[in-house]
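Letter by letter, the chains look like this.
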Amino acid sequence: RPEKKMTEEWGEKCTADLMSRYVPKEMGYGVPAEGWRICLAHEFTEKRKPFQSGDVSLSQVLKHLGLGIRYLRWWYKKTRVEKKAPFIDMFGALPLRQIYGAPLGGIGGGTITRGWRGEFCRWQLNPGKYHYKTVIENQFTVCLRRDGQTVYQQVLSVERPPTLQGWNWGFCGEYAYYHALYPRAWTVYHLPGQNVTLTCRQISPVIPHDYQDASLPVAVFVWDVENKNDYALDVSIMFTALNGSGHRDDKSGGHWNQPFRLEKEGEAVSGVLLHHCTAVNPYTLCIAAREQPDRDVSHQTAFSPKGTCNGLWNDLITDGRLDSPTGSSPPTAKGERVAAALAAGCAVSAQNRNCLEFSLAWDMPKITFGAGEQQHSRFRRYTRYYGSKGDASPLLSHHALTQYRGWEKRIEEWQTPVLQDSSLPAWYKSALFNELYFVADGGTVWTELAEDADVSGGLRPEDGGLPAQPAVIKEYGRFAYLEGQEYRMYNTYDVHYYASFALIMLWPKLALSLQYDIAGSVVQQDPTERLYLMNGRCSPVKTKGVVPHDIGDPEDEPWQRVNAYLIHDTAGWKDLNLKFVLQVYRDFHLTQDAQYLRDMWPICEMVTESELQFDLDGDGLIENSGYADQTYDGWAVTGPSAYCGGMWLASLVVMCKMARLLENDAKHQYYRGILDRGSAAFDKLLWNGKYYNYDSSGNDHSNSVMSDQCAGHWFLRASGLGDGDYQAFPKEKIQTALKSIFDLNVMSFAGGQMGAVNGMRPEGVPDRSSVQSDEVWIGVVYGLAATMIHEGMLEEGMRTAEGCYRTVWERLGMAFQTPEAYCEKGIYRSLAYMRPLCIWAMQLAL
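Presented here is a report on the structure given in the accompanying data block.

Definitions and limits used
Residues numbered from 1 in each chain as written. Predicted model: local features only at pLDDT ≥ 70, side-chain atom pairs only at ≥ 80, totals over all residues. Heavy atoms only, no water. Helix = DSSP H or I, 4+ residues; strand = E, 2+ residues; numbered from the N terminus. Contact = heavy atoms within 4.5 Å. Phe/Tyr/Trp six-rings, centres within 6.5 Å; stacked < 30°, edge-to-face > 60°. Buried < 20%, exposed > 50% of the residue type's maximum accessible area, 1.4 Å probe, protein only. Lys NZ or Arg CZ within 6 Å of the ring centre and 35° of its normal. Patch = residues over 30% accessible without salt bridge, like charges linked within 9 Å, V, L, I, M, F, W, Y side chains within 5 Å. Areas by Shrake-Rupley, 256 points an atom, 1.4 Å probe, with all protein chains shown as cover. Salt bridge = Lys/Arg side-chain N within 4 Å of Asp/Glu carboxyl O. Expected span 1.5 Å × (residues − 1). Bend = angle between axes of the 7 residues up to and from the residue. Polar contact = N/O pair within 3.5 Å; in protein donor to acceptor, adjacent residues only side chain to side chain. Pairing = 2+ DSSP bridges.

This part is about the environment of Ala718. Residue position: Ala718 is located in helix α16 (residues 711-718). Distance in space between the C-alpha atoms of Ala718 and Ala471 is 26 Å, their sequence separation being 247 residues. In this view, Ala718 contacts Phe501, Arg586, His589, His790 and Leu844; residues no more than four positions away in its chain are not counted.

Printed below as a string of structure tokens:
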């Protein structure tokens, strides 16, 4: 079709633009065809700004005036009195920096992000807390020698910093490109005039269904050196690193460096340990190289990064190696910083290739949340295998450098079926794997279960509760990730509903562990009255039988308290209970874990019964009375709605299915009766012949087209349900609704090239009745695309999702920081967000 041809041409142009400034034809060694690729000289022309208070319309300001005043008071108390970072800071939105690449490190041990130009620029070592600072000392430098003479020495960075001016900076970005296919990335440097091409491959152990190596805070850099000259060269790569992350505590004093060498099972690695000795959460960075025959590994234990730093540069240029002094460096004085360097060299014969291997590890075994008397400490998952004394860096480095080939083999076995599927477009293959960055880089914590922990809330199985320590948590630990790097709440459950597909498909034990934690919190209650900002009411912190919005924030310890969200009280999140029930069955369907189903059944009954209080007229359909009480804050709902009403019916289908599996006929008949009444009411109140109305209020926007109106049916299809005895929505109506959404929310918005807008009026203009109705939510779009694919609308689903990928990754420069939302023009909101992990729902549908 002409429309399809235009789409393909548009996509090809988007991809080509990122590489248009790359000059050489050299493509490096072993770089896959699939992934996100960008020339180091590329510049993004569109510069967007974060959503801020000034972007709210006057009508919305007036509508939310009370909220604004209450938030301002809370923000002042949090930041100025308690000296804490608010978990949502409306006055401190992150500016867009179009620089990020694939993060380094496994899951739950902290991450370090290396930008696509090669800079180490985003640090998340303290759990859930980000430090956005480019550390200029952290660099790779190449030295080429011919016949004993250095002929070329260059920092492999396009930067020209005001410090370290004794080094040769300013590598020409037109001679290098970056390629990401998470959890690996490649940077290819063609050295101008040298006829040498370097390919740096970075590998992190983010491996599906692995619960040991995937937890390790390590990464490996393999440098493939291609010598296309007719003469041999000696090639050295130097890795320099600062003791710290560019944070002010780098100058707090007491930090020191130490050389090491570790030989084990016939394999040896050596390098430098950089001990960062802060009072809270101290850690050790480690740079290491693998020792092999015909490789030369040398180091400089410590150097001051002040001034020109000519000494280190000249040390390398003299003979391609460093002096390798013995002994540790003295602790730094207050105000001083210290760095270290490691060099590895090899010979590369004419028209041949060789490689050098480095690792970066960081060992922060015990993580502390909170402050003062409110401190809570936990041990990270990897300490089960490497101990908790803070001395694991040499072993971590040795393991990484000797095992990374096995990691890559498993990564390739996992990714190859997708990459070789010619029916899938290239953009999708890139999006599917690269969006997974958030599993590791989402402020993620993965800890061992404390010996005295009780996740059950005190309600035991015999009373309809859970074991104190469910087997899956005891064996696989506790897992939590942030809603976003700006919205710093752990396991935000309404958003996890979308993101959870990545976990249940790739690390199902972590998905089940998280569900047990949520289930344990359902039975808890905290009658303490607290002022909620959205409605100004005082309500209990936590009501029994209600799923919490989240499990805390990094200023406290996750799992110590629930419902950190101050926007709505627990009565204002009717969708959370429904999402819990739907996820429980979806998880059982994909894992066939019968014990999990038995454990969760009484919790599902509890939350379903708590929802029935909102069936005010007994028609089997819950109502949304009052203010915004679903995932779209500020989009007022009155009466039954397509979103919550649809998920309610889907959850009743699931309850019927679970009752049948558990041979509970009485409960099956009970929920079947409610489902039959509710389905009839839903159809009567909301179906308009083309789609389900937003709600049944009859107000000015009640007939808006909501892109996510089929969210309940989507989960049924993802769970193998949705037809026959386990159907809530007629198939022909779902398909008609999806066709309306595609025509209006997708194709009538931004020329059909930016995904699906949340709300669209029937006449084809975005719904602007709230601050979020005219946004595109990337994760919701991926879920919508999955729903279309389930219903046989493959082409429409792919076109819908493609608009988001092209906009975020190729037009706006938001790689590895996919936001929650963007508008058609000018604005984005909440960088680096959990929900886009929902692209794995598309993979499940496929």
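A separate point is the packing of aromatic side chains. Geometry of an aromatic ring pair is reported as the spacing of the ring centres plus the angle between the planes. Evaluation of the coordinates by the stated rule reveals 53 aromatic pairs. With 4.9 Å between their ring centres and 75 degrees between their planes, Trp809 and Phe816 make a pair best called edge-to-face. For Trp809, a relative accessible area of 0% translates into the label buried. The class for Phe816 is buried, based on a relative accessible area of 0%. These aromatic residues form a ring-pair network of at least three members: Trp36, Tyr178, Trp427, Tyr428, Tyr437, Phe438, Phe479, Tyr481, Tyr805, Trp809 and Phe816. Looking at Arg353, its charged tip hangs above the ring of Tyr29, at a distance of 3.8 Å from the centre. Seen from the ring of Tyr498, Arg835 lies directly overhead, with NZ or CZ sitting 4.8 Å from the centre.

Let us look at a nonpolar patch on the surface. Taken together, the side chains of Leu58, Val61, Leu62, Leu65 and Ile69 present a nonpolar region at the surface, about 480 Å² in accessible area. Of all the secondary-structure elements, those providing two or more residues to the nonpolar patch are α2 (58-63) and α3 (65-81). The dominant element in the nonpolar patch, judged by the number of residues it contributes, is α2, at three residues. By the element assignment, Leu62 lies in helix α2.

Looking now at helix α13 (residues 594-611). Its 18 residues give α13 an end-to-end C-alpha distance of 25 Å, which sits within 8% of 26 Å, the value for a rise of 1.5 Å per residue. Taking the largest bend as the criterion, α13 deviates by roughly 35 degrees, centred on Met600, and proline Pro602 comes between one and four positions later. Among the residues making up α13, those that are buried are Tyr596, Leu597, Asp599, Met600, Trp601, Ile603, Cys604, Glu605, Val607, Thr608, Ser610 and Glu611. Where α13 is buried, its residues touch α11 (508-522), α12 (574-591), α14 (642-661) and α15 (665-686). Measuring from the backbone nitrogen of Gln595 back to the side-chain oxygen at the start of α13 gives 3.2 Å, which picks out Asp593 as the cap.

Let us now look at the sheet that holds strand β2 (residues 49-50). Here we have four strands laid out as an open sheet, ordered β2-β29-β28-β27, and mixed in their pairing. Sheet topology places β2 and β27 (776-777) at the edges, where each strand pairs with a single neighbour. Examined bridge by bridge, strand β28 (residues 821-822) and strand β29 (residues 827-829) share two bridges and lie antiparallel to one another. Across the sheet, residue Ala821 finds its bridge partner in β29, namely Arg829.

The analysis is restricted to geometry; functional conclusions fall outside its scope.
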